[in-house]
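Residue strings, one per chain:
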Amino acid sequence: MPGPRRTRRATDWQALLWLGPSLLLIGGVVLYPAARLVQASLSQYSVTGLYQGWVGLRNYARLLRQEALATVAMNTVVWVAVIVVVTVLISLALAQLLDRRFPGRRLVRWALIVPWAASLIMTSKLFVWIYDYYFGILNPVLQSLGVPAQPVDWLGDDSTVMGAMIAVGVFVSLPFTSYVLLAGLQTIPADVYEAARVDGASAWRTYRSVTLPLLRPALLVAAVLNIIYVFNSFPIVWTLNDRNPGFGHDTMITYMYKIAFKSSLRDVGLAAALGVVNVALILVAVIVYLRTVRWREAEA
Amino acid sequence: MRRVMPVLLLSVVISFLAIACDRGPSAKSGGVASIKVVIADYSKDNTRPFWQALSAAYTKQTGVKVDLQVIDWNSIDQQVTTMIQNNQPPDVLNLNSFSSYAKDGLLNSSEDVLSPKTRDDFLAAFARGGEYQGKLYGFPILSSARAFFYNKSLFAKAKIAAPPKTWDEFVKTAQKITALGKGTIGYALPLGPEEAQAEWSIWMWNNGGDWKSGDQWAINSEKNLQTLKFLADLANTHKVTQVNPGKTNRTDGAFQLFKDGKVGMVMGFSPLAKQLDAEGKVDYGTKFLDLYYQPENITRWITAEGFLPVTKSGLDQMRSNPKLKPYLDALPNARLVPTTDPAWDKVKLDVQQNIGLAVQPGGNPKQVLDQLQKNATTAGGR
C-alpha cells in the first residue's frame, strides 16, 4: 500500500516548504559566510585582496607569532569580564527598581531603552566628544566637583582608555540586561515572597534565598548573551580607540579588522584565521561558563 | 641648526585614477554594457554630483552604463579589497595607491587606455609617481598641497612679527604662543593613525631626509632620527603641542583645534582653508584656493574640492590667477611619497599605526624608526 508512505513524504515535503525560507536564510547568512571564512583562513591573499593560493594552516601559525596577540587577548579578557560583571550587577539593582511600583515608572522604563535603541556608532561618537580633552564636557564637570586636579585625556592616556571604553560598553549593555532580569523577576510568583514574609525573613535574606535562586535562568541568559555581544562588539572600541597608534588597546575583533585592512599586515587570510579563532574562543568561553554554572547548581 | 621652515608648499599628495583590467581593454571597444567606477569621497557636497554628471555624459557619448560608487576614505581600502577578493573588481578606481595593484596585474597601463595627448599632458613629477616598472599605471587626478597655517590673532597677541623661518625660531614662536595660556597650543601635531605619514613626510623632507635613498628604504636614517626626536621634544620637552600628539588625528584633532582658534600653527592643506573661509572664525595666514586638470571639465570639481591641478594645461589655465601663482610654480617640483614601490602600501599603514608611539612620553624615536625600516625592507622582499 503506497498510501501511508505517500502521506509521510507529503508531510516531509510540506515541512520543508514551511522551513525552507528560514533554512535558506540560515544557509545564506550564517553557513555560507562561515564556510567562506574558513576557506579564506586557509588561503593567501595579496595586499590588494587578490587570491594567491592555498596555504593550509600557515595563517594560523603566523597568527600565533604576532607580537601583539598576547596584549590583545588580555585586553579582550578584561573588556568582556569587566563589562559583563559590572553590567549584571548594575542591572540587578535597576531591574529591582523597575519592578517596584512608583510614579513615573513607565517613563523610567522607556528612558532606559534609549541607549539600546540608539546606533552604537552614534553613541560612541557622542562619547568621543564627551571624553575629549579640549572640547569634552566630562573634564569640566569633574573639575567643578573637585576631582581630579588636572584634566585627563581620557582617550589618549594609556591608563584611562580601556576604562573609558568599558564605561561606554556598560552603558549600552544595561538596557538589554535590565530587561532580561526584569522579565525574570516578574516570573517569580508573589506567594513565595509571602511565604518568606510569614517565615519572618529579612529583606536581604529574602533577596538572597528567594529572588536570586529563582532569577538564575534569567541571569544565565543575560550573562551568556552579554558575553557574546560584548566579545563581538566592534563599534565602541573602533570609534573610541581610533586615534591611538598600535594595537595597545584593541580587542580581538578590532585587531582582526586592523590586520585585514588597516595595519601594515593588510592580510585578509590572516584576519580570517583570527576570525575563525574568535568564533572558537567564544564557543569555548560560553561552554566553560555554562559548565561551571551547572556544576555549582548540582553541588547546591 | 639653521634650517628652513616650511612657509609655503611642501609636499604634494596625489590620488590616482587607476584602471582595473580584469574585464580587458575591450571595455572601450563595445561588447560591454556597463562599467563599474569606484571613486573616493573627497567631500559630501562636491564629489558625487561631479562624477554623476560625468557618468551621465559618458553614457550619452558611448552608450555604456556607468555603475558609480562613491566610497568614503575610511572604508575604501576594505571595500576595494573585498571587490577584488570576490572577483568583482572595478573598471575605474580612484585610490591613493596603485603599485601593488599593478604588481598583481590588475591594472591597464596608460598605453592601452589613455590617448597620447592626455598622457603627455600630465605634469612630469606626477606622472613619475604613477609609474610601475617603466609604465604609467596610476593616473593622477588631483593634487593637494600641504602648507603652513598660522593664526594671525594669536601671533599678534604673542607679539610675533612674522612666521618662523628656522626650527629654532619655530620652537620659540610655539613657546610664546603656548605662554599665552588658557589652553592655547603652539603647534598642533597630528601623528595619530589617520594621516600620520603626511605630517611625518613634511617634517622629514624639511630636514632633508627622505623615505628612500636610491632603491633602498632609508626610514631610520640619521636625518630622520633627528627629525623625529625634534618632534618628540616639541611634545615632551618644550611642551608646545596639544596633549598626546601621537594620539591625535588630523580631521577631528589638530584641524578642529585650529578651527576653534586654540592653535598658533598647524600644517594644513587647501580643503582646510576652504573650511576656515566658510566659518570665518579664525584669522589665519597662508590662504590658498584651488583648481585642476582637463581644462573646463574637471576644473569645476577641483575648484569645489579645493585641490590643485596635475596637468600642464590645467596649470597654464590657472597661472593667470596671481593668488595661485606661488603654489602652481612649485607644483612641477612637488615631492611625492614613494607610491611607485609596492611596499609603500604597507609602509604607509605601518607609519600611520606606529609613528605616534615615538612622540608619546617615554617614546623611543630610534626604536620606532628602526622597526619601520625593518618592516619596510621585509615588505619589499615579499
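Our structure is the block above this text.
Residues numbered from 1 in each chain as written. Chains lettered and ligands numbered in written order. Predicted model: local features only at pLDDT ≥ 70, side-chain atom pairs only at ≥ 80, totals over all residues. Heavy atoms only, no water.

1. Section: the overall build of chain A
The condition is simple: Comment: elements are numbered from the N terminus, with helices defined as DSSP H or I runs of at least four residues and strands as E runs of at least two. Contacts: residue pairs with any heavy atoms within 4.5 Å of one another. Only the protein chains shown count as covering a residue, and every accessible area follows the Shrake-Rupley method with a 1.4 Å probe.
Looking only at helices and strands, chain A has twelve helices and two strands in total. Starting at the N terminus, the α and β elements of chain A follow one another as α-β-β-α-α-α-α-α-α-α-α-α-α-α. In chain A, 64% of the contacts between residues at least 6 apart in sequence involve partners at least 24 apart. Carbon together with sulfur atoms contributes 69% to the accessible area of chain A, which is approximately 16,900 Å² in total.

2. Section: the overall build of chain B
To keep things clear, this is the line we draw: Only protein chains enter the accessibility calculation, which uses a 1.4 Å probe; a residue whose area is less than 20% of its type maximum is buried, one above 50% is exposed, and one in between is partly exposed.
The secondary structure content of chain B amounts to 17 helices and twelve strands. Buried positions account for 59% of the 382 residues belonging to chain B. Pairs at least 24 apart in sequence give 73% of the contacts found in chain B among residues at least 6 apart. When the accessible surface of chain B is split by element, carbon and sulfur atoms take 50% of a total near 15,700 Å².

3. What about the pairing of strand 4 (residues 92-95) of chain B?
Residue and element names in this part refer to chain B. Heads up, the rule is: If DSSP finds at least two bridges between two strands, the strands pair.
Burial of the side chains of strand 4 extends over both faces: Val92 and Asn94 are buried on one face and Leu93 and Leu95 on the other. Examined bridge by bridge, strand 2 (residues 34-40) and strand 4 share two bridges and lie parallel to one another. Each residue of the ladder has a partner; that of Val38, found in strand 4, is Leu93.

4. Section: helix 8 (residues 167-178) of chain B
All names here are of chain B. Convention followed: The span expected for a helix works out to 1.5 Å for each residue beyond the first. What the arc covers is the set of directions going from the helix axis to the C-beta atoms.
Taking 1.5 Å per residue, twelve residues should reach 16 Å; helix 8 reaches 16 Å between its end C-alpha atoms and fits that length. Buried residues of helix 8: Trp167, Phe170, Val171, Thr173, Ala174 and Ile177, and no others. All buried residues of helix 8 fall inside an arc of 165 degrees around its axis, so they share one side.

5. Looking at the packing of aromatic side chains
Residues and elements named next belong to chain B. Quick note on the threshold: Ring geometry is summarised as follows: Phe, Tyr and Trp rings, the Trp one being its six-membered ring, pair when their centres sit within 6.5 Å, and such pairs are stacked at plane angles under 30 degrees, edge-to-face over 60 and tilted between the two. As a reminder, the over-ring test applies to NZ of lysine and CZ of arginine, requiring each to be within 6 Å of the ring centre and within 35 degrees of the ring normal.
Tallying each qualifying case throughout the model produces 29 aromatic pairs over all chains. Summarising the aromatic geometry, the rings of Tyr150 and Phe155 are spaced 4.8 Å apart at their centres and angled 40 degrees between planes, so their arrangement reads as tilted. Phe155 gets classed as buried once you look at its relative accessible area, which sits at 3%. When the centroid spacing of 6.5 Å and the interplanar angle of 50 degrees are considered together, the rings of Phe170 and Phe230 count as tilted. With Phe170 in helix 8 and Phe230 in helix 10 (residues 222-236), the pair connects residues that are 60 residues apart, well separated along the chain. As far as burial versus exposure is concerned, Phe170 and Phe230 are alike and both buried. Here the aromatic cluster, defined as three or more aromatic residues joined through ring pairs, consists of Trp167, Phe170, Tyr187, Trp203 and Phe230. In this arrangement the basic side chain of Lys212 is found over the ring face of Trp217, its NZ or CZ atom lying 5.0 Å from the centre.

6. Describing helix 16 (residues 344-354) of chain B
In terms of burial, helix 16 of chain B is largely enclosed, as ten of its eleven residues are buried. Those residues of helix 16 of chain B that sit buried are Trp344, Asp345, Lys346, Val347, Lys348, Leu349, Asp350, Val351, Gln352 and Gln353 of chain B.

7. Things to note about empty space enclosed by the protein
We count it as follows: Buriedness for pockets is judged along seven lines, at least five of which must meet protein on both sides within 12 Å for an open set on the 1 Å grid over protein atoms alone, while cavities are sets there where a 1.4 Å probe fits but cannot get out, and lining residues have an atom within 4 Å of a point. Grid points are joined across faces, edges and corners, and a volume is the space filled by probe spheres set on the points. Residue polarity is assigned by list, with Asp, Glu, Lys and Arg as charged and Ala, Val, Leu, Ile, Met, Phe, Trp, Tyr, Cys and Pro as nonpolar; anything else, Gly included, falls into the polar class.
In this structure the tally under the stated criterion is four cavities of 30 Å³ or more. Counted as a void, the largest cavity has a volume near 140 Å³. What lines the largest cavity is a set of 15 residues, among which Asp132, Tyr134 and Arg243 of chain A together with Thr248 and Gly253 of chain B lie closest to the centre. In this structure, the second largest cavity occupies an estimated 70 Å³ of space. In this structure, the second largest cavity is lined by Arg146, Pro190, Gly192, Glu195, Ala196, Ala198, Glu199, Ile202, Thr248, Asn249, Arg250 and Met267 of chain B. Tallying contributions element by element places helix 9 (residues 196-206) of chain B first for the lining of the second largest cavity, with four residues. Taken together, the residues that form the lining of the second largest cavity break down as five nonpolar, three polar and four charged.

8. Looking at the interface of chain B and chain A
So the rule is basically this: Once two parts are joined, some of their accessible surface, as seen by a 1.4 Å probe, is lost; buried area is that loss totalled over both. The rule for a salt bridge is simple: a side-chain nitrogen of Lys or Arg has to be within 4 Å of a carboxyl oxygen of Asp or Glu. As used in this structure description, the phrase polar contact means that two N or O atoms lie within 3.5 Å; if the pair is within protein, one of them must be able to donate a hydrogen and the other to accept it, and residues adjacent in sequence are counted only when both atoms belong to side chains.
The interface is formed by 36 residues belonging to chain B together with 33 residues belonging to chain A. Three residues, Gln85, Lys247 and Gln353 of chain B, lead the burial of chain B against chain A; their summed loss comes to 23% of the area buried on that side. Put simply, Lys247 of chain B and Asp158 of chain A hold a salt bridge, and the shortest N to O gap is 2.4 Å. The interface formed by chain B and chain A includes twelve residue pairs in polar contact (both at pLDDT 80 or more).

9. A closer look at the pattern of salt bridges
Residues and elements named next belong to chain B. The tally for this structure, following the rule as stated, stands at nine salt bridges over all chains. Across the pair Asp260 and Lys262 runs a salt bridge, and its minimum N-O distance is 3.6 Å. By relative accessible area, Lys262 is classed as partly exposed at 22%. Residues Asp370 and Lys366 are paired through a salt bridge, measuring 3.1 Å at the closest nitrogen-oxygen approach. Of this pair, Asp370 and Lys366 are both found in helix 17 (residues 365-381), four residues apart, which corresponds to roughly one turn of the helix. Residue classification places Asp370 among the partly exposed positions, given a relative accessible area of 28%.

10. Focus on the packing of helix 4 (residues 105-117) of chain A against helix 7 (residues 161-187) of chain A
Residue and element names in this part refer to chain A. The condition is simple: Every angle, taken between N-to-C directions, lies between 0 and 180 degrees, and every axis is a line fitted to C-alpha atoms, over only the stretch in contact when it is a helix. In these notes the angle categories are as follows: under 35 degrees is roughly parallel, over 145 is roughly antiparallel, 65 to 115 is roughly perpendicular, and the rest is oblique. It is the rotation of the near helix from the far one that decides the hand of a crossing: anticlockwise by less than a right angle makes it left-handed, clockwise makes it right-handed.
Here helix 4 crosses helix 7 at 135 degrees, and the two axes come no closer than 6 Å. What the angle tells us is that helix 4 and helix 7 run oblique. Two packed elements cross with a definite hand, and for helix 4 against helix 7 that hand is left-handed. Where helix 4 approaches helix 7, its residues Arg109, Trp110, Leu112, Ile113, Pro115 and Trp116 are matched on the opposing element by Phe171, Val172, Pro175, Phe176, Ser178, Tyr179, Leu182 and Gln186. In terms of residue class, the contact of helix 4 with helix 7 is made up of eleven nonpolar, two polar and one charged.

11. A closer look at the environment of Ile141 of chain B
Residue and element names in this part refer to chain B. As for its position among the elements, Ile141 is in strand 7 (residues 138-151). Among the residues examined, Ile141 registers a relative accessible area of 2% and is labelled buried. For Ile141 and Asn94, which are 47 residues apart along the polypeptide, the C-alpha to C-alpha distance reads 8.5 Å.

12. Some remarks on the side chain of Thr81 of chain B
Note on placement: Thr81 of chain B falls in helix 2 (residues 73-85). According to the relative accessible area criterion, Thr81 of chain B is buried, its value standing at 1%. A polar side-chain atom of Thr81 of chain B sits 2.9 Å from a polar atom in the side chain of Arg266 of chain A. With residues up to four places along the chain from it excluded, the contact list for Thr81 of chain B reads Val47, Thr48, Gly49, Phe261, Arg266 and Val268 of chain A.

13. With respect to the environment of Phe247 of chain A
Residue and element names in this part refer to chain A. Residue placement: Phe247 occurs in the loop between helix 10 (235-240) and helix 11 (252-262). Separated by 180 residues in sequence, Phe247 and Glu67 have C-alpha atoms that sit 9.8 Å apart. Setting aside chain neighbours within four positions, we find Phe247 in contact with Ala68, Val72, Asn75, Tyr255, Lys258 and Ser263.

14. A word on the side chain of Thr177 of chain A
Residues and elements named next belong to chain A. Inspection of the secondary structure assignment puts Thr177 in helix 7. Among the polar contacts listed, one links the side chain of Thr177 to the side chain of Asn226, at a separation of 2.8 Å. Beyond its immediate chain neighbours, meaning those up to four positions away, Thr177 contacts Thr87, Val88, Ser91, Ala222 and Asn226.

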